[in-house]
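# Inside the fold
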Amino acid sequence: MAFTPEAQAEWDKVSAADQAELVKGGFCTRCLATRAFTLDAGEMRGPELALIGHCDTCGARVVRLIDTGS
């Protein structure tokens, strides 16, 4: 996985159980539904952690934004 250093620091603050739950629900724009996804990368987008991956159903790109409260 390719995380930026800032994104990795935020991701490391999340428990392993919560990390597993977060990748169970990203919105796929091809499936037009919430789907599990495989995590490929992470980056900060302002105060939000962007988890970037691909849909486990169709393979399309999925991005899930997590508010870090920062």
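Below: a short report on this structure. Residue numbers restart at each chain and count upward from 1, following the sequence in its written direction. Where totals are concerned, whole chains, interfaces and linings use all residues; where local detail is concerned, this predicted model gives features only for residues with pLDDT of at least 70, and gives and counts side-chain atom pairs only at 80 or more. To obtain the side-chain values, all non-hydrogen atoms of the structure were included, while hydrogens and water were left out.

## Some words on the pairing of strand β4 (residues 37–45)
Cut-off, in case you're wondering: Strands are labelled as partners when DSSP assigns at least two bridges between them. Where helices and strands are cited, they refer to DSSP runs of H or I of at least four residues and of E of at least two residues respectively, numbered from the N terminus.
One ladder, built from 2 bridges, connects strand β1 (residues 2–3) with β4; its direction is parallel. Pairing of Phe 3 across the sheet is with Gly 42, part of β4. Taken together, the 8 bridges between β4 and strand β5 (residues 48–55) define a ladder with antiparallel strand orientation. Its bridge partner being in β5, Thr 38 is matched across the sheet by His 54.

## Describing the pattern of salt bridges
The cut-off we apply is this: Here a salt bridge means any side-chain nitrogen of Lys or Arg lying within 4 Å of a carboxyl oxygen belonging to Asp or Glu. Relative accessibility under 20% of the residue-type maximum defines a buried residue, over 50% an exposed one, and the middle range a partly exposed one, all with a 1.4 Å probe and only protein chains included.
This structure, assessed with the given rule, holds 3 salt bridges. Across the salt bridge formed by Glu 10 and Lys 13, the nearest N and O atoms sit 3.2 Å from each other. A salt bridge links Arg 45 to Glu 43; the nearest nitrogen and oxygen atoms lie 2.9 Å apart. With relative accessibility at 29%, the residue Glu 43 sits in the partly exposed group.

## Quick look at unusual backbone geometry
One non-glycine residue with positive phi stands out, namely Leu 32, at about 55°. Locating Leu 32 in the fold gives a position in the loop between β2 (26–28) and β3 (33–35). Leu 32 gets classed as exposed once you look at its relative accessible area, which sits at 62%.

Coordinates in, geometry out; function isn't part of it.
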